[in-house]
Structure formats: structure tokens, C-alpha cells
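A look at the structure
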There are 2 protein chains.
Amino acid sequence: MPIKIRKLNASDADFQAQLSALLAFDASEDDAIDQSAAQILADVKARGDAAVLDYTRRFDRLDADTVTALEIGQDELQAALLQLAPERRAALQTAADRVRAYHERQKQECGSDGFSYTEADGTVLGQKVTPLDRVGIYVPGGKAAYPSSVLMNAIPAKVAGVQEVIMVVPTPDGVKNELVLAAAAIAGVDRVFTIGGAQAVGALAYGTATIPPVDKIVGPGNAYVAAAKRRVFGTVGIDMIAGPSEILVICDGTTDPDWIAMDLFSQAEHDELAQSILLCPDPAYIDQVEASINRLLAGMPRHDIIRTSLTNRGALITVRDMAHACDIANLIAAEHLEISAAEPQQWADRIRHAGAMFLGRFSSEALGDYCAGPNHVLPTSRTARFSSPLGVYDFQKRSSMIFISEAGAQTLGRIAAELAYGEGLQAHARSAEYRLNNDAK
Amino acid sequence: MPIKIRKLNASDADFQAQLSALLAFDASEDDAIDQSAAQILADVKARGDAAVLDYTRRFDRLDADTVTALEIGQDELQAALLQLAPERRAALQTAADRVRAYHERQKQECGSDGFSYTEADGTVLGQKVTPLDRVGIYVPGGKAAYPSSVLMNAIPAKVAGVQEVIMVVPTPDGVKNELVLAAAAIAGVDRVFTIGGAQAVGALAYGTATIPPVDKIVGPGNAYVAAAKRRVFGTVGIDMIAGPSEILVICDGTTDPDWIAMDLFSQAEHDELAQSILLCPDPAYIDQVEASINRLLAGMPRHDIIRTSLTNRGALITVRDMAHACDIANLIAAEHLEISAAEPQQWADRIRHAGAMFLGRFSSEALGDYCAGPNHVLPTSRTARFSSPLGVYDFQKRSSMIFISEAGAQTLGRIAAELAYGEGLQAHARSAEYRLNNDAK
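None of these values were measured; they are calculated from a predicted model.

**Points about the UniProt feature "active site" (unreviewed entry) in chain A**
Residues and elements named next belong to chain A. The sites that carry the UniProt feature "active site" (unreviewed entry) are, in the present numbering, E335 and H336. Residue classification places E335 among the buried residues on the basis of a relative accessible area of 6%. Excluding residues within four positions of it along the chain, E335 makes contact with P244, S245, E246, G355, A356, H376, L378, P379 and T380. Among the polar contacts listed, one links the side chain of E335 to the side chain of S245, at a separation of 2.9 Å. Among the secondary structure elements, H336 is positioned in strand 13 (residues 336-340). H336 has contacts with S245, E246, I247, L248, Q267, A356, F358, E365, D369 and L378, leaving out every residue within four places of it along the chain. A distance of 2.8 Å separates a polar atom in the side chain of H336 from the backbone oxygen of E246.

**A short note on the relation of the copies chain B and chain A**
In the superposition of chain B on chain A (RMSD 0.0 Å, axial shift 0.0 Å), the rotation amounts to 180°. The transformation just described matches what one would write down for a two-fold rotation axis. Minimal C-alpha distance to the rotation axis in chain B is attained by B:C110, lying at 2.4 Å. Taken as a fraction of all interface residues of chain B, those also at the interface in chain A reach 100%, which identifies the copy contact as same-surface.

**Some points on the side chain of B:D60**
Within the secondary structure, B:D60 sits in helix 3 (residues 49-60). Those residues in contact with B:D60, other than ones at most four positions away along the chain, are B:Y55, B:P170, B:T171, B:P172, B:D173 and B:G196.

**Description of unusual backbone geometry**
The phi angle at A:S381 is positive, at roughly 50°, despite the residue not being glycine. Of note, B:A333 is a non-glycine position whose phi angle comes to about 50°, a positive value. Checked against the element boundaries, B:A333 lands in the loop between helix 13 (322-332) and strand 13 (336-340). Overall, the relative accessible area of 0% leaves B:A333 in the buried class.

**Points about the pairing of strand 3 (residues 115-118) of chain B**
Residues and elements named next belong to chain B. Going residue by residue along strand 3, you find F115 and Y117 tucked away on one face and S116 and T118 left uncovered on the opposite face. The pairing of strand 3 with strand 4 (residues 124-131) spans 4 bridges and is classified as antiparallel. Following the sheet pairing, F115 is matched in strand 4 by Q127. With antiparallel pairing between neighbouring strands as the criterion, strand 3 and strand 4 make up a hairpin whose turn holds 5 residues, including G122 at a positive phi of roughly 95°.

**Quick word on the interface of chain B and chain A**
On the chain A side, the residues contacting the 117 residues of chain B number 117 residues. Taking both sides of the interface into account, the surface hidden between chain B and chain A amounts to around 10600 Å²; carbon and sulfur atoms contribute 59%. At the junction of chain B and chain A, the tally comes to 10 salt bridges. Remark: the boundary between chain B and chain A carries 62 residue pairs in polar contact (both at pLDDT 80 or more). Among the elements that line the side of chain B that touches chain A, the one with the most residues is helix 5 (residues 86-109) of chain B, at 12 residues. Here the residues of the side of chain B that touches chain A sort into 58 nonpolar, 31 polar and 28 charged.

**Digging into the pattern of salt bridges**
Counting across every chain of the model gives 46 salt bridges over all chains. Between A:K7 and A:D287 there is a salt bridge whose closest N-O contact spans 2.7 Å. Of this pair, A:K7 sits in strand 1 (residues 6-9) while A:D287 sits in helix 11 (residues 283-296), and the two are 280 residues apart along the sequence. B:D263 serves as the salt-bridge partner of A:R435, at 2.7 Å between the closest nitrogen and oxygen. Remark: B:D263 occurs in helix 10 (residues 257-268) and A:R435 occurs in the segment after helix 17 (426-433); the pair is interchain, linking two chains. Take B:D263: its relative accessible area is 0%, and that puts it in the buried class. In the salt-bridge network here, residues are joined through shared partners; they are A:D43, A:R47, A:D54, A:R57 and A:D63.

Reading the values: rules and limits
- Residues numbered from 1 in each chain as written.
- Chains lettered and ligands numbered in written order.
- Predicted model: local features only at pLDDT ≥ 70, side-chain atom pairs only at ≥ 80, totals over all residues.
- Heavy atoms only, no water.
- UniProt positions renumbered as here; feature names shortened; annotations may be inferred.
- Buried < 20%, exposed > 50% of the residue type's maximum accessible area, 1.4 Å probe, protein only.
- Contact = heavy atoms within 4.5 Å.
- Polar contact = N/O pair within 3.5 Å; in protein donor to acceptor, adjacent residues only side chain to side chain.
- Helix = DSSP H or I, 4+ residues; strand = E, 2+ residues; numbered from the N terminus.
- Least-squares fit on C-alpha atoms with pLDDT ≥ 70 in both.
- Pairing = 2+ DSSP bridges.
- Buried area = accessible area lost by both parts, 1.4 Å probe.
- Salt bridge = Lys/Arg side-chain N within 4 Å of Asp/Glu carboxyl O.
- Nonpolar A, V, L, I, M, F, W, Y, C, P; charged D, E, K, R; others polar.

Written out as C-alpha cells, the structure reads:
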């Protein structure tokens with residue numbers, strides 16, 4: 001049975017409404033999950049290690065007397081790495097090297113050294129950049145165990161200069177994922193605890209006798225983890241709460257349609273809520289892609305997920321021309337944007353909003369997911385309008401530096417006092433005026 | 001009656017516990033306020049302008065037939081600027097110029113041009129930086145009307161390249177603050193609406209027939225505004241939800257004690273929950289500061305607020321030496337840190353966590369609040385451990401750029417496929433393998 005994939009024409013009068021309906025996604029939280037996460041957090045805050053052990057026993061059927069018994073040592077991480085098949089180990093190592101190289105470049109080019117400048121009167125102003133002290137990385141256990149996520153979350157933190165990266169990963173029934181442990185070894189993760197859920201988030205945020213408190217928690221997780229992260233935000237920093245993954249392909253109609261079909265599949269296979277959309281000015285080409293989709297689907301092991309995703313959330317959209325495609329891409333602000341076209345840079349220059357852009361026919365999203373170098377943790381659900389890929393900057397913070405000279409205090413003191421009186425803040429004004437040389441107290 | 005300000009000794013065995021108690025602040029949200037904000041947001045989302053008009057009538061006693069009637073035109077902003085007393089107008093203009101100059105430097109020095117580099121096989125990787133399209137700035141009305149906040153929120157957005165900055169400011173009973181309007185004129189705010197509360201946040205987040213939706217909302221507000229901002233986060237970006245303001249002064253005991261007392265006042269006068277703390281190795285100097293506090297308090301118009309703040313949340317702490325003071329400052333991670341000492345840079349080098357550092361005896365925090373140049377929107381409540389002053393970077397976002405050459409697709413495709421098979425994602429693997437030249441489909 002062929003996939004019934006939505007076909008739209010962007011020149012239709014009601015296209016804007018159709019697009020809004022297509023992109024709509026109910027991200028509302030489940031109150032029961034939120035309340036449950038809140039209770040677990042409060043319990044971990046109050047009882048520390050004992051609470052972590054209780055929940056790990058209950059949810060992961062893992063019986064330990066101490067949290068220390070749930071820690072995986074560096075020797076076990078290294079052993080996991082050593083026992084990988086050579087080809088897989090080499091692939092993981094090359095991916096890690098490339099991710100590190102990109103993020104090193106990001107650190108160099110993006111003001112990580114801070115700056116300072118001196119004004120004529122000797123006043124020095126600047127910005128100091130420092131890494132976070134300690135970061136927690138949540139790695140999901142069970143079926144969706146992604147070693148690439150370990151690399152993408154841990155490496156930017158280490159490149160930023162974070163001293164201690166603590167990874168938590170649930171191991172239900174004690175089953176460990178060796179590829180995840182190997183990735184932790186390669187990424188330079190400092191400590192690993194086999195705990196998960198809201199209890200792991202609470203342990204990282206508040207600290208326990210065994211687990212030191214971190215300054216920020218990053219990494220994907222299920223609804224309980226997301227709810228717990230929202231609740232500890234402020235006590236620690238968190239990354240974005242990710243929505244379903246998305247790919248938007250702009251194609252000029254000259255790429256092998258099988259390639260485009262498979263690129264759409266590669267997003268759709270993540271889960272039923274993932275979204276794959278194609279924009280193309282050529283309706284005949286769209287039909288070819290549709291034919292490829294229907295011919296290739298049966299060969300995919302995850303065809304059920306792909307079918308549901310493409311049927312419910314996919315779309316093939318005819319646009320007037322490539323410029324029109326770019327306009328629509330800016331409205332969609334996709335997590336992943338492939339521009340599969342000749343001379344793609346001209347179209348990339350028109351794109352203001354996208355998490356990552358994949359330019360040219362050879363830049364399949366899958367390369368970026370694993371080993372191109374840039375981060376695969378990207379803003380979803382149109383948040384690329386205001387947020388960025390995970391990066392070194394997420395593991396650094398800035399402090400303003402203000403060194404006012406005696407001469408500077410004379411001019412600035414009068415200005416500050418004038419404005420402070422205007423705001424009714426007299427102590428502010430007096431504090432500035434005290435530094436005036438001729439101030440009569 | 002002298003102020004009973006807490007005196008601690010950082011060498012005491014239980015100092016850590018005392019410090020934790022001192023810093024503890026209950027930031028828990030009020031459920032009733034949160035529910036009320038949620039209802040208002042839902043109503044604004046559903047009814048748009050009509051809901052905004054209803055709430056403005058109810059909460060601000062401002063009766064308008066249309067939201068357009070609540071907009072303040074550029075001519076009125078310019079008029080507000082022109083009618084200011086010349087001295088105040090000049091002060092505001094100089095402050096704006098200095099804030100702009102600092103943020104221009106921040107933009108130049110911090111990677112705003114993005115970067116790209118080409119690998120040996122022709123693959124190009126990089127990062128594109130773009131400003132947000134449209135930003136909303138919330139400015140509180142009523143008693144705490146701060147024109148300096150207008151400058152500090154709007155100028156970095158305009159420097160970042162945001163095309164449209166929309167300010168909302170409630171004007172209960174129709175009373176406008178001319179200094180706030182003048183600041184909007186100087187800062188280059190594009191549109192101003194006299195609306196406030198959760199209804200203004202909803203209008204900016206969802207858009208109405210009259211008010212276009214923004215991509216991010218920044219600026220301080222009351223508990224309803226904070227609750228509404230938390231709830232629209234994800235639909236739009238938001239800045240940090242600010243806690244009470246704090247100052248931490250490290251003094252070597254050689255600054256005029258009146259200066260330090262007034263600096264502590266300048267924070268305490270903000271509100272009863274503000275926190276002022278002094279660290280000093282010299283107990284005799286601490287007694288001098290205490291004497292100054294008691295002598296100067298009566299002369300402050302806001303002495304009641306200052307007394308409550310210093311009594312409930314202030315502290316004078318004796319430390320072993322200046323290095324010890326820096327260690328404690330890193331635990332406190334203060335919003336404002338003054339290092340009032342000879343050769344302050346040596347101590348600043350030891351500070352990892354602070355929103356802004358004010359170095360030397362002449363760098364009173366008040367200068368930074370108004371006109372030094374760096375932003376006065378700073379991380380509070382120990383969040384300087386993981387977050388930064390408001391800056392140009394808050395109004396920009398990054399997109400990863402990935403242009404894989406045909407040659408690059410050969411090497412990277414094999415690595416990606418190997419790892420994708422390891423994660424059980426076959427469409428990812430096939431999508432990479434399609435780009436291999438010798439791939440047999």
C-alpha cells in the first residue's frame with residue numbers, strides 16, 4: 001500500500017494555514033509526569049544517595065547497596081573501547097577527532113579569550129570568559145542508545161575547558177551498552193554513574209554524598225527527564241528541551257530522487273513524530289521522489305515508523321522557484337536544512353533560520369549526525385529562530401570587567417548620579433558622588 | 001537604633017552551613033499567580049487584540065477601543081526626549097553611547113561574523129551567525145520605572161542587528177514615564193505599546209492582529225510577567241528570570257569605609273530581598289564599615305528598605321586573607337563583585353564566577369548600573385556559575401554550515417554508515433552509502 005504523503009502547493013491561497021497546521025506540534029506537558037518528577041526531585045534533594053538507590057531499584061531493577069557501586073570506573077570504559085570491532089572503534093575515534101577539531105575551531109573563533117580595551121582616561125572595560133566548573137550529561141539507556149550523542153555532548157564541554165564531566169546513563173536490569181561506554185572513554189568523560197530518570201537529574205542538580213552537584217545538565221531524555229530538567233533550571237543550567245527531529249530538504253530537482261527519498265527516511269526513522277518535508281519547484285520531480293519513497297520503503301527495517309511519520313507529519317511541497325523555497329524555509333526554521341542543488345551557497349545566503357545547513361548533493365544529513373564535525377544537538381520546533389546548535393559557548397560563561405580610573409570616575413560619576421536621581425535611587429547616586437574629588441560629603 | 005547586621009567569620013568550622021543559609025532564597029513560584037498567568041495567555045492566544053484590551057482595561061484602568069490606540073508613535077518618543085532637562089538628556093545620551101560602544105566591541109570580538117574552513121578534500125565547515133528577526137522588550141511601569149533598563153535591553157538587540165524591537169510598558173491610569181519614553185527614543189526602539197502584565201507577554205509571544213509575534217522576550221517584570229515568560233519559553237526565547245539583586249564587596253581594608261557602606265546601600269535600596277555582603281581580612285575595618293553604615297543610614301531616603309535588606313540578608317564576613325576572600329566569592333558567584341583593593345587584577349584573576357567585576361576603589365557598582373558600558377542585566381542567585389550578562393550574543397543565533405565535497409562523502413560516508421548501523425538506524429546508513437561512488441544499490 002503506497003504511503004499517503006501530504007502534497008501541498010505553496011502558491012495556494014491558504015498555504016500559510018496549511019503550513020501552520022503541518023508544523024503544529026502539541027508540546028504541552030503531562031501533569032502527572034510533571035508531578036511525579038517533582039516528587040522524585042524533592043526526595044533526592046532530601047534523602048540523597050538513599051533516594052537514588054530506591055528509585056534505581058524500582059525503575060531499573062538494579063539492586064545496589066551504595067551509589068559508589070553504580071559508578072563505572074575508567075578501566076571499564078577503556079575495556080569497552082578496546083573490545084570494539086576495529087572498524088567500529090576507528091569510526092568512533094575519527095568521528096570524535098572531527099567533532100573535537102570543529103569545536104576547537106569554534107572556541108578559537110568565537111571570543112573565548114574574552115577582550116578588554118582601555119579608554120583615554122585609563123578606564124579599562126572588557127569581558128572575561130570562563131568554562132563551567134562541572135557539567136552533567138544525561139544519556140538515555142535502553143533501546144535508543146546513541147554513542148554519537150555522548151560524543152556530541154561531552155566533547156564541546158571538554159573543549160570549553162570544563163574540569164569534570166559526569167555522565168549518567170540508566171542500565172535497566174544491569175544491561176550496559178558497550179558502544180556508549182566506549183564513546184565515553186573516547187570523549188574523555190570523567191565519571192559515569194548507571195542511574196537515570198528524574199532521580200539522576202536530581203542527583204546532578206543538588207548533589208548527593210556520592211555524586212557532586214554540577215553547574216549544568218545537558219543531553220536528551222524521556223518525558224520524566226525533560227520535566228525534571230525544566231524544574232531544576234535555575235539551580236543549574238540546562239540545554240533546550242528537544243522536540244521531535246525534523247529535516248527540510250530544498251531540492252532544485254536534479255538530485256537522484258532515491259537520495260532525497262532516503263534523506264527523508266533518515267529523519268522519519270527516528271520516531272513517529274519526526275518530520276520530513278521536501279520543497280521543490282518541479283512537480284514532476286516531486287512525483288519521482290514519491291515513487292522512490294514507495295519503492296524503497298519496504299527495504300527499510302524501520303518501515304513502520306517511517307510510514308507513520310511520513311503519513312502524519314511529512315509533506316512534499318511545490319514552490320514557485322528556489323527563492324520561494326528559501327522564504328518558506330525561513331518560516332519553517334528547520335532543525336536540519338538540506339539544500340540539494342547546484343551552487344547551493346546562493347540559496348544558503350538567503351536562509352536566516354536553520355539549526356544546521358547541509359549544502360550540495362553530497363551533504364546528506366547523516367554525515368552531520370555522526371562525523372562531519374559540527375554538533376548534532378540542534379534547535380527543533382522552529383526554535384532555530386532564536387537558538388543555536390549545542391556548542392563550546394554552552395559550556396562557557398562571561399563576566400563583565402569594569403576598572404574605572406580615578407579620572408573616569410569623575411566624568412562617569414556625574415552621569416550616573418544624574419540618572420540615579422532620575423530613578424529615585426539616592427544611594428546609587430551618592431556611591432558615585434563619593435568618588436568625585438571635590439565631593440563634599 | 002543600630003542595624004543588626006550579621007557578622008560571620010569564614011574560618012569558623014560551620015561557616016559553610018552559615019553561608020548556605022545566608023544565600024538561601026526561596027524562588028518557588030506561586031501557584032495562583034502561575035494559573036492566572038496561564039489563563040491570561042490562553043485568552044490572548046485565542047482572542048488576540050480583544051483580550052489585550054480587556055485586561056488592559058481591568059488591570060491598568062486604561063480604556064481603549066483598539067490596540068492601535070495603545071501604541072506610542074515615534075513622534076511622541078522624540079518629544080519626550082526633547083522635553084527632558086538638558087543635563088538629564090545629555091546624561092542619558094552619553095550612557096547610551098557608552099553602552100553601544102561596549103556592545104559594538106562585544107559584537108566584533110566575539111565571532112559575530114561566523115567562520116568557515118576548508119579541509120584538504122574540499123569539504124567546507126563553518127558557522128553562520130544571524131540576528132533574531134524581531135525582539136520584545138518588557139519594561140515595568142509604575143513605581144520602579146528604569147530608563148537605564150530600556151537602554152540595557154534595547155541597545156544590544158539593535159547592535160546585534162535585530163530589525164524590529166518592540167517595547168511594551170504598562171501605563172496604569174494612563175500615566176506615562178517620560179524618561180522611559182526618552183530612553184526608548186535614544187535606544188532606537190521601533191514600536192512601543194502601553195500594555196503590560198501576562199497579556200503583554202502573550203501578545204508578543206503569539207502575536208495579535210495589531211502586535212506582530214516576536215522571537216524573544218527580554219526584560220524584568222513582576223511575578224505575573226515572570227510566570228508568563230516561563231510559560232511561553234519554547235514558543236519564543238526568553239532571558240533569565242532574575243532573582244533579587246546582589247552585591248559582594250571584597251575589600252583589602254584600605255578603602256574609605258564610607259564608600260563601602262554606600263556601595264552596600266546602593267544594592268540594599270533596590271528592595272528588601274536584595275543582598276549586600278562584605279568580605280574583608282581585617283576585623284577592625286569591618287567595624288569601621290559597620291560604624292559608617294549606622295552613621296549614614298538615616299540620611300538615605302530609602303532607609304527603611306536598606307535597613308530591612310541589610311538586617312535580613314546582609315553580612316560582614318571576616319576572611320583569613322584576600323585569597324580566601326576570592327575562594328568564597330567563587331562559592332557565592334555574585335551578580336556584582338566589587339574588588340576594592342590595591343592592584344585588584346591579581347584577585348580578579350582568581351575569580352571564576354561573577355556576573356560583573358568592578359575593580360579598584362573608583363569602580364563603584366553604580367557606574368556600571370548606568371553608564372560604564374557593560375550590561376547591567378546580570379545573572380543572579382548563583383547562576384553566574386553557568387550564565388552570562390545580557391549581551392549581543394543573546395540576540396544572535398548560529399547555524400552550522402556543512403558542505404561535503406564528493407571526495408569527503410567517500411570517507412565520511414563509510415564512517416557514518418558504520419556508526420549508523422551500530423545505532424540501528426539503517427536509513428541513516430543508506431543515505432550516507434548512496435553518496436559512495438561504488439555503491440551498488
